[in-house]
Amino acid sequence: MSLPLEGRSAIVTGAGRGLGRAEALELARLGAAVVVNDFGQPGRDGSGAASTGPAEEVAAGIRAAGGRAVVHTGDVADHQQARELVELAVAEFGQLDILVNNAGILRDRMVFSMSEDEWDSVIRVHLKGHFNTTHFAAAHWRARSKAADAPVYGRIVNTSSEAFLAGSAGQPNYAAAKGGIVGLTTSTALALAKYGVTANVICPRARTRMTADVFAGFQEPAGDGSEDRLDPLAPEHVAPLVGYLASPAAAQVNGQLLVVHGGMVAVVERPRVAAKFDTKQDAFTYDELDALLTPHYADRPAGETFAAAEVLGLKHE
């Protein structure tokens, strides 16, 4: 019996540790040949010297299990290095079928304290990094589709965050980048559908190097003989969804946003229009807007915004 991704090739960015590592291993387990990308810097803020070690270790594990894997240690936020990443997948495996964007850094600060560099660096790695790899992968699939005069197989899985959905007060750069990734994904999904490509975005919650302090001591398996149980916040809870979205079974899933963690997947509905007001004149006046909008918001719960903070309460039942 063949594996779901047998004969397919994949790129996973930020695959040396945490979520990316779990995703790369899962795609390989499902039969895909994997390009393991990781810049290898030790700091979650992007600090420290780049290293081939993390990516090499993951690739070696895939090969030891009988799979195929090569390493790319470039910076996906660099346009040329992202091009080389896609070219490597094509050169090694004949074509690219799956792109999983996961690479990222954190530089948290309140908006009134955040420096320009703290803003720029996070936007660069997360949002520009997602764009760069998507750009070159999309061009590859478009060219193949035009040459064949038929749709091809292409899957993009991008990584957003509950910080975008719920609004994270201490992460304006990260929340903005993750919101931008959702917009990039939905635009890409519409643009590439005719070529046979799907693009979806996940908001994962996991205990990784980037979130070690956030989830310190939270929901860890108790020391009561349950040590063999999987940590509810383990990245391995996220990886199967990535494998599914990368598979032929998910051909009808496109432009969607899913929250995933701890044995739970939630499909997030697109925004809906809550109310609509029409002017009774040629154009609104201040007084008319005051008469319409002020009562509308008067009875709303205090602190309620466009952010969907309720997603933070989702859990496996």
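Okay, so let's go over this structure. For every chain, the first residue of its written sequence is number 1, and the numbers climb from 1 along that sequence. Two thresholds apply to this predicted model, a pLDDT of at least 70 for residue-level local features and 80 or more for giving and counting side-chain atom pairs, whereas whole-chain, interface and lining totals are computed over all residues. Side-chain measures here rest on the full set of heavy atoms in the structure, leaving out hydrogens and waters.

## What about the pairing of strand β2 (residues 33–37)?
1) Next: Relative accessibility under 20% of the residue-type maximum defines a buried residue, over 50% an exposed one, and the middle range a partly exposed one, all with a 1.4 Å probe and only protein chains included. Note on conventions: DSSP H or I runs of at least 4 residues are helices, E runs of at least 2 residues are strands, and numbering of each starts at the N terminus. Counting buried positions over the 5 residues of β2 gives 5, a clear majority of the element.
2) Next: Residues A33, V35 and N37 of β2 are buried on one face, and the alternating residues V34 and V36, pointing to the opposite face, are buried as well.
3) Next: Any two strands between which DSSP finds at least two bridges are classified as paired. Direction of pairing for strand β1 (residues 9–12) relative to β2: parallel, over a ladder of 4 bridges. The partner of I11 across the bridge, within β2, is V35.
4) Next: Taken together, β1, helix α1 (residues 18–29) and β2 constitute a β-α-β crossover, and its handedness is right-handed.
5) Next: In the sheet, β2 pairs with strand β3 (residues 69–72) via 4 bridges, with the strands oriented parallel. Across the sheet, the residue bridging to V35 is V70, located in β3. For the handedness criterion, the strands are oriented away from the viewer, and a crossover whose path from the first strand over the helix to the second runs clockwise is classed as right-handed.

## Here we look at the sheet that holds strand β8 (residues 264–267)
Pairing between the strands of a sheet comes from backbone hydrogen bonds, and it takes one of two forms, parallel or antiparallel.
1) Next: In space, the 8 strands of this open sheet follow the order β3-β2-β1-β4-β5-β6-β7-β8, with mixed pairing throughout. Only two strands of the sheet have a single neighbouring strand rather than two, namely β3 and β8. Averaged over neighbouring strand pairs, the angle between their axes works out to 20 degrees when direction is ignored.
2) Next: Judged from the 3 bridges that link them, β1 and strand β4 (residues 98–100) form a sheet pairing that is parallel. Bridging across to β4, A10 finds its partner in I98. Whenever a helix is involved, its axis is fitted only over the stretch in contact; in every case the axis is a line through C-alpha atoms, and angles between N-to-C directions fall within 0 to 180 degrees.

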